[in-house]
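Coordinates in review
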Amino acid sequence: MNELEASLVLRAGAELLKGASADPRSEEGYARVKTNISLALESIAEALSNFEAASPRRNRSVGWGQDLRRVADDLGEH
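A short tour of the structure in this document, coming up. (Residues numbered from 1 in each chain as written. Predicted model: local features only at pLDDT ≥ 70, side-chain atom pairs only at ≥ 80, totals over all residues. Heavy atoms only, no water.)

Looking only at helices and strands, the protein has three helices and zero strands in total. Start at the N end of the protein and walk to the C end: the helices and strands fall as α-α-α. By its C-alpha atoms, the protein is 45 × 30 × 15 Å across when sized along the principal axes. Relative to its 78 residues, the protein shows a buried fraction of 12%. Considering only contacts in the protein between residues 6 or more positions apart, those separated by 24 or more positions represent 56%. Entry remark: accessible area of the protein is about 6,200 Å², with carbon and sulfur atoms responsible for 58%. Averaged over its 10 positive side-chain charges, the protein has a centre that lies 5 Å from the centre of its 13 negative ones. (Helix = DSSP H or I, 4+ residues; strand = E, 2+ residues; numbered from the N terminus. Buried < 20%, exposed > 50% of the residue type's maximum accessible area, 1.4 Å probe, protein only. Contact = heavy atoms within 4.5 Å. Areas by Shrake-Rupley, 256 points an atom, 1.4 Å probe, with all protein chains shown as cover. Lys, Arg positive; Asp, Glu negative; His and termini not counted. Charge placed at Lys NZ, Arg CZ, Asp CG, Glu CD.)

As C-alpha cells, this is what we get:
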C-alpha cells in the first residue's frame, strides 16, 4: 500500500467513526476510542514528519505535526 492508498483508508475510517459516533450508544468505550484516536494522531504526525524530512521544500507540516501531537497528548489524558 502506498501513502495515497493509506491516506484514503484513514479518511474512510474517519468517516466511519463519524457515523458511528452519531449512534446513541456512542458513550460505550469512549475512553478506548480516545486512546485509539490519540495513537492515530501520533502516527499521522510521524508520517507528516517523514514527508517533511524527505521534501526539499519545507512547509507547514512541521507545525501541523506539533499540533497533532499536542491534541494526541490531550486525548491520551483521560
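Next, the rest of the story.
If you walk through the whole model with that rule in mind, you get three salt bridges. With a shortest N-O distance of 3.4 Å, Lys-18 and Glu-15 are connected by a salt bridge. Of this pair, Lys-18 and Glu-15 both sit in helix 1 (residues 3–21), three residues apart, which is roughly one turn of the helix. Among the residues examined, Glu-15 registers a relative accessible area of 47% and is labelled partly exposed. (Salt bridge = Lys/Arg side-chain N within 4 Å of Asp/Glu carboxyl O.)

Okay, helix 3 (residues 61–76) next. If you check helix 3, its first and last C-alpha atoms are 22 Å apart, about what 16 residues at 1.5 Å a residue would give, namely 22 Å. Within helix 3, burial applies to Ser-61, Gly-65 and Ala-72. Here the buried residues of helix 3 occupy an arc of 45° about the axis, which is enough to place them on one side. Looking at the buried residues of helix 3, the elements they touch are helix 2 (30–54). (Expected span 1.5 Å × (residues − 1). Arc of directions from axis to C-beta.)

This part is about helix 1. The periodicity of an α-helix, 3.6 residues per turn, causes residues three or four places apart in sequence to face the same way. The end-to-end C-alpha distance of helix 1 is 27 Å, a good match for the 27 Å that 19 residues give at a rise of 1.5 Å each. The distance from a side-chain oxygen at the start of helix 1 to the backbone nitrogen of Leu-4 is 2.9 Å, and the residue carrying that oxygen is Asn-2. (Polar contact = N/O pair within 3.5 Å; in protein donor to acceptor, adjacent residues only side chain to side chain.)

With that out of the way, let us pick up the side chain of Glu-52. Locating Glu-52 in the fold gives a position in helix 2. Overall, Glu-52 belongs to the buried group, its relative accessible area being 6%. Beyond its immediate stretch of four places on either side in the chain, Glu-52 contacts Arg-57, Arg-58, Asn-59, Ser-61 and Val-62.

Let us look at the environment of Glu-42. Topologically, Glu-42 is positioned in helix 2. Residues Glu-42 and Ala-31, spaced eleven residues apart in sequence, show a C-alpha to C-alpha distance of 17 Å. When neighbours within four sequence positions are excluded, Glu-42 is seen to be in contact with Arg-69, Ala-72 and Asp-73.

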